[in-house]
Number of protein chains: 2
Amino acid sequence: MPVKLIDQTPSAYAYPLLIKHLLHKPLRCTPNQEIVYRDLYRFTYAEMFQRVHKAANMLKSLGVAEGSTVGVMDWDSHRYLELFYAVPMMGAILHTVNIRLSPEQILFTINHAEDDVLLVHTDFLPIVEAIKDQFQTVKKIVVLRDGPETPATKVPLDGEYEDLLARASDDYTFPDFDENAKATTFYTTGTTGLPKGVYFSHRQLVLHTLAVLAAAGSYHTAATFRSNDVYMPLTPMFHVHAWGIPYVAGQLGVKQVYPGRYDPAVILKLLVSEKVTFSHCVPTILHMILSSPAAKSVDLTGWKVIIGGSALTKGLCKAAMDRGVDLITGYGMSETCPVLTLAQPQPHMMSWSLDEQIAVRCRTGQPIPLVDLQVVTPDGVPLPHDGKSTGEVVVRSPWLTQGYYKDPERAEELWDGGWLHTGDVGFIDERGYLQITDRIKDVIKTGGEWISTLILEDILMQHPGVSEAAAIGVPDEKWGERPMVLVVLKDEFKGKVSQEDIRQHFMQFVEEGTITKWAVPDKIAFVEALPKTSVGKLDKKVMRQQYR
Amino acid sequence: MPVKLIDQTPSAYAYPLLIKHLLHKPLRCTPNQEIVYRDLYRFTYAEMFQRVHKAANMLKSLGVAEGSTVGVMDWDSHRYLELFYAVPMMGAILHTVNIRLSPEQILFTINHAEDDVLLVHTDFLPIVEAIKDQFQTVKKIVVLRDGPETPATKVPLDGEYEDLLARASDDYTFPDFDENAKATTFYTTGTTGLPKGVYFSHRQLVLHTLAVLAAAGSYHTAATFRSNDVYMPLTPMFHVHAWGIPYVAGQLGVKQVYPGRYDPAVILKLLVSEKVTFSHCVPTILHMILSSPAAKSVDLTGWKVIIGGSALTKGLCKAAMDRGVDLITGYGMSETCPVLTLAQPQPHMMSWSLDEQIAVRCRTGQPIPLVDLQVVTPDGVPLPHDGKSTGEVVVRSPWLTQGYYKDPERAEELWDGGWLHTGDVGFIDERGYLQITDRIKDVIKTGGEWISTLILEDILMQHPGVSEAAAIGVPDEKWGERPMVLVVLKDEFKGKVSQEDIRQHFMQFVEEGTITKWAVPDKIAFVEALPKTSVGKLDKKVMRQQYR
């Protein structure tokens, strides 16, 4: 006997999970709440809702219909927020153009996503001017501007956003359609190859919003996002929809502050003047703000921040907490919408010492509702949650990209055995906290065991004579790979530290149980300098080639 | 051009919204958290998860498969919680038998739902003994007991729950299936006719869980349900899955306390010994607890309670708040899974006076995420949210019952024009707070306007001479209906209050703007007593017949 299904024929009864349904709560409950764009614009939720309708009519007059794609090149703004709603609610697809890419890559993404209409901030007109002749699908271009005048440009413009909005009707009926309709797309870059387009449906964005809302709001103790907060994103809106948090902010009905281009002085000014209490950003931005001269005179006590994008070091975490910032780590990636985990301490941990709390807050976090997360062996066997068994992080949840747009080959590597493979390596502890330890391409695979290069490097850096260090895997006939380390000694230690000294240093950590004896490097090379990439990161690809 | 759909062919990628996915978070993050049943049982989440697997194997050995129905007759217990998960996770349907019905009605629901297996607490064996010979589909009966011995019974038993569980394997693979599979069913009663069976799918229960979690957890200020709470339901688990809150509690990873049969002494003892901080109940249960002699010596400060099921009076709200209880109202019904609104004050209201706060907390509440709620005219036209325009409450959300099982006629009345009609009448204010004022069958419809009988009665009760009062609509050729009131005077006022006095009393409220002059009753009758039902409620049906 099969399961009994309830009738799902499209009927009056059906209620698809559409982005438009995310507007019921903010509109009914907090119509007078504010949306602020720098010191330039200030609207109520009710006014924004009216503007969302006007934006839809404006886009319609530019030819946008169900299935169209609308590209946006803007800093974080009220306009972007309006388009987060208006474009998908029309049944069209919002392409949040990654403005950090090179002009050639931007051109590739606009053509690859098949943008029909492009909305461009004046700051990006020079880029568009350079690439416009190679556009294959763009039919209309609208300019977005902060000042009164559009600068001279050779880009053929079909109007200015505020001007077109002022002339548009606010009467627009957003239709019902299948919740699996594509809503957003954007491009992510690896170190090699062309940008890859990920995409998310209405259903996925609605479920992500609810789950993040539930997790960020209810599992309190630290950095909780609540209905009395004032929100300012510090992750760009073109990057995974600012982690989807603007949609969450709407559900909470909080004041939303959009800072435009990230300028520490502007950000700090808005933090103070708008009384911002909740943000999210990558470690670099937090560091930039904390170390900005203007920050010295600003009281950051109680500012709640979720950190993601790359690992939060204990040093930066402590520096922020010393300033009164209440911060935790989150984890996810462009392919995962993005939130998978949040590192909120559990209630009993709030009485722990600062150092113990920092250790938890810097962990990569616990899964949010509906996220099924495992670390697995190379054969896909789930490993125990014991705080040490290390494997690739794989995940299932209702909001993972199905693949890369028009790129089935690379999509195939993403999904395997029903799990999305993150390419990250880590372990899970008894309380479900994930700790990412490495990228899988950097990890050393030896005799079925995985060794984190980050941990080996961390151990080396604790030796008083070591200035810089890198760990890589080198081919080994018997074990597949074996660890090798490259060490740059401090000048005053050169010639005074032997390979045996380094090996003895590692043995201490074997005795302490930090690593197994299999992780102790076979080969130790003292070098003058380490190969680095153009942005100053260790270039392990070059090292691996060198010591193959 | 149609919207672009993402591929939804059942694939490794698909992630249906199934109840089993609600177990990821509690199991990974809080495996050592406790589940308590009175002073009889105490398990960890990890142990419960093992027992859920054993329960599935036990049910399988009794013939339960996908599409089967499992009826449960129990008080609130750890067993019920295990079955909340195990039965639907098998692809079977959990029928939470309404044990408050008469034996004849219970028999009707068991046959109508086509229960294959019945699990019965020893307290209900006498009822089952009386009706078992008329069972049409039940094949196996398992007894649930709190003591060591099963009392003598003529019911043919196929085993005892704990005993069968102890012998069952904990190796069970819960399958994936369509998220629209029926998961639960139960029966609701009106004042007339047979019980009506409502039913909910996996998708609906998962979405309800997320939305309630988000709303009850994130919109703080009052009665917030958080990860550091201790939870004890005081709405029976057979009644709309204890409002679905046990599933929410699991996501939060809180300690859960199940009190068995509702005995004020037991409840208060558990409140103290288990340090319960969060509950939900109908006003009657709150009143029973507050007025119980044992409550005098118990400190209720900080106990958070959500009240639903019927209106919370300001008097009871104040009595509870005077004892330190932090309470708000919720709104919903069996047909709506049930939660639609929660009456959390907004942040700025927390500085209001006690009386002003009570007014908000007793409102029927603001919609939770994804709930689209309106009050409409008899023609279905939405009314403004102005705090006074009164109409029928209609609703859309992803978790409304599709109809009544095998009862298409009565289901047709439920859904109209794409909205579920609640049969409640009320208004919505500028901040989205709904206020229920009446049941539609009791409301007076006069010249296209609706007059609340509850408001007329409330006004009458403010007259010093009135002991009891009722308002009804009587047929009127020109206006359809006109209001009439029946008044029982206090002994000392008999013969001293005239119809004109009562009319003048109403006119004060017209001047104050509480009611329009159309609402002032045409007919005022002084009577010795009011017709009442067997449970002591005003019997308006009889009154309407009497004064037709």
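Scroll up for the structure.
Basis of the calculations
- Residues numbered from 1 in each chain as written.
- Chains lettered and ligands numbered in written order.
- Predicted model: local features only at pLDDT ≥ 70, side-chain atom pairs only at ≥ 80, totals over all residues.
- Heavy atoms only, no water.
- Buried < 20%, exposed > 50% of the residue type's maximum accessible area, 1.4 Å probe, protein only.
- Helix = DSSP H or I, 4+ residues; strand = E, 2+ residues; numbered from the N terminus.
- Disulfide = S-S within 2.5 Å.
- Phe/Tyr/Trp six-rings, centres within 6.5 Å; stacked < 30°, edge-to-face > 60°.
- Lys NZ or Arg CZ within 6 Å of the ring centre and 35° of its normal.
- Contact = heavy atoms within 4.5 Å.
- Buried area = accessible area lost by both parts, 1.4 Å probe.
- Salt bridge = Lys/Arg side-chain N within 4 Å of Asp/Glu carboxyl O.
- Polar contact = N/O pair within 3.5 Å; in protein donor to acceptor, adjacent residues only side chain to side chain.
- Least-squares fit on C-alpha atoms with pLDDT ≥ 70 in both.
- Pairing = 2+ DSSP bridges.
- Axes fitted to C-alpha atoms, helices over the stretch in contact; angles between N-to-C directions.

Caption draft 1: Quick peek at helix H9 (residues 245–252) of chain A. All names here are of chain A. Among the eight residues in H9, eight count as buried, and that is most of the element. What H9 keeps buried is the set Ile245, Pro246, Tyr247, Val248, Ala249, Gly250, Gln251 and Leu252. Backbone geometry just after H9 places Gly253 at a positive phi near 70°.

Caption draft 2: View of the state of the cysteines. Scanning the entire structure with this criterion turns up zero disulfides over all chains. Among the cysteines around A:Cys29, which has no disulfide bond, B:Cys362 carries the closest sulfur, lying 18 Å off. Among the residues examined, A:Cys29 registers a relative accessible area of 3% and is labelled buried. A:Cys362 provides the cysteine sulfur closest to A:Cys317, a residue in no disulfide bond, and the two sulfurs are 3.7 Å apart.

Caption draft 3: Representation of the packing of aromatic side chains. Inspection of every chain in the model, using the stated rule, returns 30 aromatic pairs over all chains. Look at A:Phe108 and A:Tyr187: their rings are 6.5 Å apart centre to centre, the planes differ by 85°, and that puts the pair in the edge-to-face class. A residue pair is termed long-range when its members are at least 10 positions apart, and A:Phe108 in helix H4 (residues 103–112) and A:Tyr187 in strand S7 (residues 182–188) qualify at 79 residues. Since its relative accessible area comes to 23%, A:Phe108 is described here as partly exposed. The interplanar angle of 40° and the centroid separation of 5.6 Å between the aromatic rings of A:Phe225 and A:Tyr231 together place this pair among those described as tilted. Among the residues examined, A:Tyr231 registers a relative accessible area of 0% and is labelled buried. Here the aromatic cluster, defined as three or more aromatic residues joined through ring pairs, consists of A:Tyr80, A:Phe84, A:Tyr85 and A:Tyr247. Here the basic side chain of A:Lys25 rests over the ring of B:Tyr219, its NZ or CZ set 4.5 Å away from the ring centre. Between B:Lys182 and the ring centre of B:Tyr199, over which it is positioned, the NZ or CZ distance is 4.4 Å.

Caption draft 4: Region of interest: the interface of chain B and chain A. Facing 78 residues of chain B, the contacting portion of chain A comprises 78 residues. Interface area, chain B with chain A, both sides summed: about 6800 Å², of which 57% is carbon and sulfur. At the boundary of chain B and chain A, one finds six salt bridges. Between B:Arg203 and A:Glu179 there is a salt bridge, with its nearest N and O atoms 2.7 Å apart. Counting the contacts that link chain B with chain A gives 26 residue pairs in polar contact (both at pLDDT 80 or more). Listed by contribution, the elements that provide at least two residues to the side of chain B that touches chain A are helix H1 (24–29), strand S8 (196–201), helix H7 (202–218), helix H9 (245–252), strand S15 (366–367) and strand S16 (372–376) of chain B. Considering every element that reaches the side of chain B that touches chain A, the biggest residue donor is H7(B), with ten residues.

Caption draft 5: Structural detail: the relation of the copies chain B and chain A. Overlaying chain B on chain A yields an RMSD of 0.1 Å, the required transformation being a rotation through 180° with an accompanying axial translation of 0.0 Å. This pairing of chains is accounted for by a two-fold axis. Looking at the rotation axis and the C-alpha trace of chain B, the residue lying nearest is B:Ala214, at 2.0 Å. When the interface residues of chain B are mapped onto chain A, 100% of them are again interface residues, pointing to one common binding face.

Caption draft 6: Just the sheet that holds strand S6 (residues 140–144) of chain A, in detail. Residue and element names in this part refer to chain A. Taken in spatial order, the six strands line up as S6-S5-S3-S4-S7-S8 in an open sheet, and their pairing is mixed. Looking at which strands have only one partner, the edges of the open sheet turn out to be S6 and strand S8 (196–201). Each strand of the sheet is rotated relative to its neighbour by a mean of 20°, with strand direction disregarded. One ladder, built from six bridges, connects S7 with S8; its direction is antiparallel. Across the sheet, the residue bridging to Thr188 is Lys196, located in S8. Its contacts with the sheet put H4 on strand S3 (69–73), strand S4 (93–96), strand S5 (117–121) and S7, and the angle it makes with S7 is roughly 155°. Contacts between helix H7 (residues 202–218) and the sheet are confined to S7 and S8, with S8 contributing the most and set at about 75° to the helix.

Caption draft 7: Expanded view of helix H4 (residues 103–113) of chain B. Residue and element names in this part refer to chain B. Among the residues making up H4, those that are buried are Ile106, Leu107, Thr109, Ile110, Asn111, His112 and Ala113. Looking at the buried residues of H4, the elements they touch are strand S3 (69–73), strand S4 (93–96), strand S5 (117–121), helix H5 (125–131) and strand S7 (182–188). Note on H4: the residue one or two positions beyond its end, Glu114, has a positive phi of about 60°.

Caption draft 8: Structural detail: the pattern of salt bridges. All names here are of chain B. Taken as a whole and judged by the stated rule, the model has 62 salt bridges over all chains. In this structure, Lys304 and Asp229 form a salt bridge, with 2.9 Å as the shortest nitrogen-oxygen distance. Of this pair, Lys304 sits in strand S12 (residues 304–307) while Asp229 is found in the loop between H7 and strand S9 (230–231), placing the two residues 75 residues apart along the sequence. Classification of Lys304 by relative accessible area gives buried; the value is 12%.

Caption draft 9: Just unusual backbone geometry, in detail. For the peptide bond that leads from A:Cys337 to A:Pro338, omega is 10°, which places it in the cis range. Within the secondary structure, A:Pro338 is located in the loop between strand S13 (326–332) and strand S14 (339–342). In this structure, A:Glu114 is a non-glycine residue whose phi angle is positive, near 60°. Residue position: A:Glu114 is located in the loop between H4 and S5. Judged by relative accessible area, A:Glu114 falls into the partly exposed class, the value being 29%. In this model, B:Trp243 sits at a positive phi of 60°, which is unusual for a non-glycine residue.

Caption draft 10: Broad picture of the sheet that holds S4(B). Residues and elements named next belong to chain B. Read across the sheet, six strands follow the order S6-S5-S3-S4-S7-S8 without closing on themselves; strand pairing throughout is mixed. Each edge of the open sheet is held by one strand with a lone partner, namely strand S6 (140–144) and S8. When strand polarity is set aside, the average angle formed by the axes of neighbouring strands in this sheet is 20°. Running at roughly 150° to S7, H4 makes contact with S3, S4, S5 and S7 of the sheet. The sheet contacts of H7 involve S7 and S8, and relative to S8 the element is tilted by about 75°.

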